[in-house]
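Descriptive structure summary
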Amino acid sequence: MTLPTALGTAPVAAPPAPASPPPLALRVRATGGSPVRDILAVTARPEVINFAGGLPAPELFDREGVAAAFRHVLEELPGRALQYATTEGEPALRERLAQRMSTRGLPTDADDVLVTTGSQQALSLLATALLDPGDTVLVEDPCYLAALQAFGLAGARVVAVPGDAEGPDPEALAELVVRERPKLLYTVPTFQNPTGRTLSAERRSALASVAAVHGLWIVEDDPYGELRYEGERVPWIAAHPDARDRTVLLGSFSKVMAPGLRLGWLRAPAELRRACAVAKQAADLHTPTVNQLAAARYLADRDLDAHVARVAAVYRERRDAMLAGLPDALPEGSVWSRPEGGMFLWARLPEAYDTTALLARVVQEDVAYVPGAPFHAGRPDRSTLRLCFVTQSPEEIAEGLRRLGRGLRG
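Here is a short report on the structure shown in this document. (Residues numbered from 1 in each chain as written. Predicted model: local features only at pLDDT ≥ 70, side-chain atom pairs only at ≥ 80, totals over all residues. Heavy atoms only, no water.)

**Considerations on the overall build of the protein**
The following threshold applies: Note on conventions: DSSP H or I runs of at least 4 residues are helices, E runs of at least 2 residues are strands, and numbering of each starts at the N terminus. The globule rule used for comparison is 2.2 Å times the number of residues to the exponent 0.38, while the radius of gyration itself is calculated over C-alpha atoms. When accessible area is computed with a 1.4 Å probe and restricted to protein chains, residues below 20% of their type maximum are described as buried, those above 50% as exposed, and intermediate ones as partly exposed. When checking whether two residues touch, look at their non-hydrogen atoms; a contact exists if any pair is within 4.5 Å. Only the protein chains shown count as covering a residue, and every accessible area follows the Shrake-Rupley method with a 1.4 Å probe. In summary, the charge assignment counts Lys and Arg as positive and Asp and Glu as negative, without counting His or the chain termini. We put the charge of a Lys on NZ, of an Arg on CZ, of an Asp on CG and of a Glu on CD.
Across its full length, the protein carries 14 helices and 17 strands. For a compact globule of 410 residues, the expected C-alpha radius of gyration is about 22 Å, and the protein comes in at 24 Å, within 12% of that figure. Across its three principal directions, the C-alpha atoms of the protein cover 90 × 60 × 55 Å. Relative to its full complement of 410 residues, the protein shows a buried share of 53%. Here the analysis covers contacts within the protein between residues at least 6 apart in sequence; of these, 74% occur between residues at least 24 apart. On the protein, roughly 18,700 Å² of surface is accessible, and the fraction owed to carbon and sulfur atoms is 54%. Looking at the protein, you have 44 positive and 50 negative side-chain charges, and the mean spots of the two groups are 3 Å apart.

**Regarding empty space enclosed by the protein**
For the record, the criterion: Residues are said to line a cavity or pocket when one of their atoms sits within 4 Å of a point; the points come from a 1 Å grid over protein atoms alone, cavities being sets where a 1.4 Å probe fits but cannot get out and pockets being open sets with protein on both sides within 12 Å along at least five of seven lines. Grid points are joined across faces, edges and corners, and a volume is the space filled by probe spheres set on the points.
All told, the structure shown has one cavity of 30 Å³ or more when counted by the stated rule. Space inside the largest cavity adds up to approximately 50 Å³. Considering the residues around the largest cavity, the lining is formed by Pro56, Ala57, Leu60, Phe61, Ser254, Lys255, Val256, Met257, His307, Val311 and Tyr315.

**Digging into unusual backbone geometry**
For the bond from Asp141 to Pro142, the omega torsion is 5°, close enough to zero to count as cis. Within the secondary structure layout, Pro142 lies in the loop between strand S5 (136-139) and helix H7 (145-153). For the bond running from Asn193 to Pro194, omega is 25°, close enough to zero to count as cis. Topologically, Pro194 is positioned in the loop between strand S9 (184-187) and helix H9 (201-214). The phi angle at Arg181 is positive, at roughly 50°, despite the residue not being glycine. The topology assignment puts Arg181 in the loop between helix H8 (170-180) and S9. We note that Phe191 has phi near 55°; this positive angle belongs to a residue other than glycine. Among the secondary structure elements, Phe191 is positioned in the loop between S9 and H9.

**Concerning helix H11 (residues 289-301)**
Applicable threshold: A helix is expected to span 1.5 Å multiplied by its residue count minus one.
Taking 1.5 Å per residue, 13 residues should reach 18 Å; H11 reaches 18 Å between its end C-alpha atoms and fits that length. Counting buried positions over the 13 residues of H11 gives ten, a clear majority of the element. Within H11 the residues assigned to the buried category are Thr289, Val290, Asn291, Gln292, Leu293, Ala294, Ala295, Ala296, Tyr298 and Leu299.

**Here's the deal with the packing of aromatic side chains**
So the rule is basically this: Each Phe, Tyr or Trp ring, with Trp reduced to its six-membered ring, pairs with another whose centre is within 6.5 Å; inter-plane angles below 30 degrees give stacked pairs, above 60 give edge-to-face pairs, and intermediate values give tilted ones. A ring is considered to have a charge above it if a Lys NZ or an Arg CZ atom is located within 6 Å of its centre and within 35 degrees of its normal.
Counting across every chain of the model gives five aromatic pairs. When the ring of Tyr229 is compared with that of Phe389, the centres are 6.5 Å apart and the planes differ by 75°; the resulting orientation is edge-to-face. With Tyr229 in the loop between strand S10 (217-221) and strand S11 (247-252) and Phe389 in the loop between strand S17 (384-388) and helix H14 (394-409), this pair connects stretches of sequence that are 160 residues apart. Side by side, Tyr229 and Phe389 carry an identical accessibility label, which is buried. Taking NZ or CZ as reference, Arg233 lies 4.7 Å from the ring centre of Trp236, over its face.

**A word on the nonpolar core**
The condition is simple: Definition of nonpolar core: a set of buried residues of the types Ala, Val, Leu, Ile, Met, Phe, Trp, Tyr and Cys, connected through side-chain atoms within 4.5 Å.
In terms of nonpolar packing, the biggest core is built from 105 residues, with Leu131, Phe151, Tyr186, Phe253, Met322, Leu387 and Leu404 touching the most fellow members. Per-element accounting of this core gives the leading share, ten residues, to helix H12 (residues 304-329). Once residues within four sequence positions are removed from consideration, Tyr186 is found in contact with Leu123, Leu138, Val139, Glu140, Cys143, Tyr144, Ala147, Phe151, Val219 and Asp221. The next biggest cluster of nonpolar side chains, apart from the first, holds 17 residues, and it includes Leu173, Leu199, Ala208 and Val210.

**Here we look at the sheet that holds S11**
Selection criterion: Two strands make a pair as long as DSSP finds a minimum of two bridges between them. Lines fitted to C-alpha atoms define the axes, with helix axes restricted to the stretch in contact, and inter-axis angles between N-to-C directions lie between 0 and 180 degrees.
Read from one edge to the other, the open sheet built from seven strands follows the order S4-S12-S11-S10-S9-S5-S6, with strand pairing classed as mixed. Of all the strands in the sheet, just strand S4 (113-116) and strand S6 (157-160) have a single pairing partner and so form its edges. The sheet shows a mean angle of 20° between the axes of neighbouring strands, taken without regard to direction. Across four bridges, S10 lies against S11 in parallel orientation. Among the inter-strand pairings, Val219 is bridged to a residue of S11, identified as Val248. Against the sheet, helix H6 (residues 119-130) touches S4, S9, S10, S11 and strand S12 (264-267), its axis set at about 155° to S11. Sitting on the sheet, helix H10 (residues 270-283) touches S4, S10, S11 and S12, and the angle it makes with S4 is about 25°.

**Observations regarding the packing of helix H5 (residues 91-103) against H11**
Keep this limit in mind: Working definition: roughly parallel below 35 degrees, roughly antiparallel above 145 degrees, roughly perpendicular at 65 to 115 degrees, and oblique for all remaining angles. We call a crossing left-handed when the near helix sits turned anticlockwise from the far one by less than a right angle, and right-handed when that turn is clockwise.
Contact pair H5 / H11: the axes reach a minimum separation of 8 Å and the direction vectors enclose 45°. Classified by the angle between their axes, H5 and H11 sit oblique to one another. The handedness of the crossing between H5 and H11 comes out as left-handed. In this structure, H5 uses Ala92, Leu93, Arg96 and Arg100 to contact H11, whose residues at the interface are Gln292, Ala295, Ala296, Leu299 and Ala300.

**Comments concerning the sheet that holds strand S16 (residues 370-371)**
With antiparallel pairing, four strands are arranged side by side in an open sheet as S13-S14-S17-S16. The two strands at the open ends of the sheet, each matched to only one other strand, are strand S13 (335-336) and S16. Where S13 meets strand S14 (residues 344-348), two bridges bridge the pair, whose relative direction is antiparallel. Across the sheet, Trp336 pairs through a bridge with Ala347, a residue of S14.

Quick look at the structure:
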């Protein structure tokens, strides 16, 4: 098609139609969003009793202590608190983190620690530092959703390790390592998300031995370990002699101080830690200085262990309230976990139930859960679901379970 000019002279060609912009990266197109985040967006109404999110109870935050720590650093160290900082993290915070790990049986120096913007960033940094597209990663089954997301974005091939109520089976792990030649095993060994289970010391030792014999990184994620209500603490895999040179330990203040601070850390052997620091330089330069200094001040002035003990006592009451209400809420033949700590409980309904298909009907009763299927890297178990028991009071939990029962019965 041509158009006449304003003077009626020679025709002018019409401009071509605009072309579409280039497509998004394949790794983004191939990786879905977080089902938990999607559910939270749907269930944000205040009348919904939400067992879906992994949200710490906000009324238990030490608001006074955190506010005092921020006031101190902004009044006493404003130039430093509001300035750029080193990628590895503020020395005062790294020193206090190292002390906390050392007192718990894992000798650690400040230089062993890299501060991250939440432990979720630590997963992304490790994926960048360790994984090339097509590399294999081994995970628990079921597995923490955001870890599956991080490994998927890195282009990794994710393979679930068969296991039992005790966690990944060491013999199955050894067979997979020989056959698949993976880069790493990812595990949440204490109060796992989503199941709430804890690996025994014997199982941890067996996993460490497999990693030593066959050459394998272990990424040990421990965001919930301090939230123990009963039983004895189990040592980290990272403290096992066979695993000390091949285990990355991840930690976070999100569940014991406040998730809004976005403060996590990784403890790793020197070469891998330096590689993660390079990846972090490209990601965000450093974690916010003011948050790091405030956390270090909080650890200096306050007794975090005492605060965590108070939180754990409340969470135990809430866990017990959920355990008490489940027999009437869930269909006959259902089974569920009894976690010794953490934030989550895992339930399996009779095989005929599909918790993904049932969710919309349950939400109509103003209650929500997370279906279990997305947590599986392999064949999903569609009769499972995850419940978070720490955000609501015992009374709200009881009412939420009554609503859940109505929704499941239809």
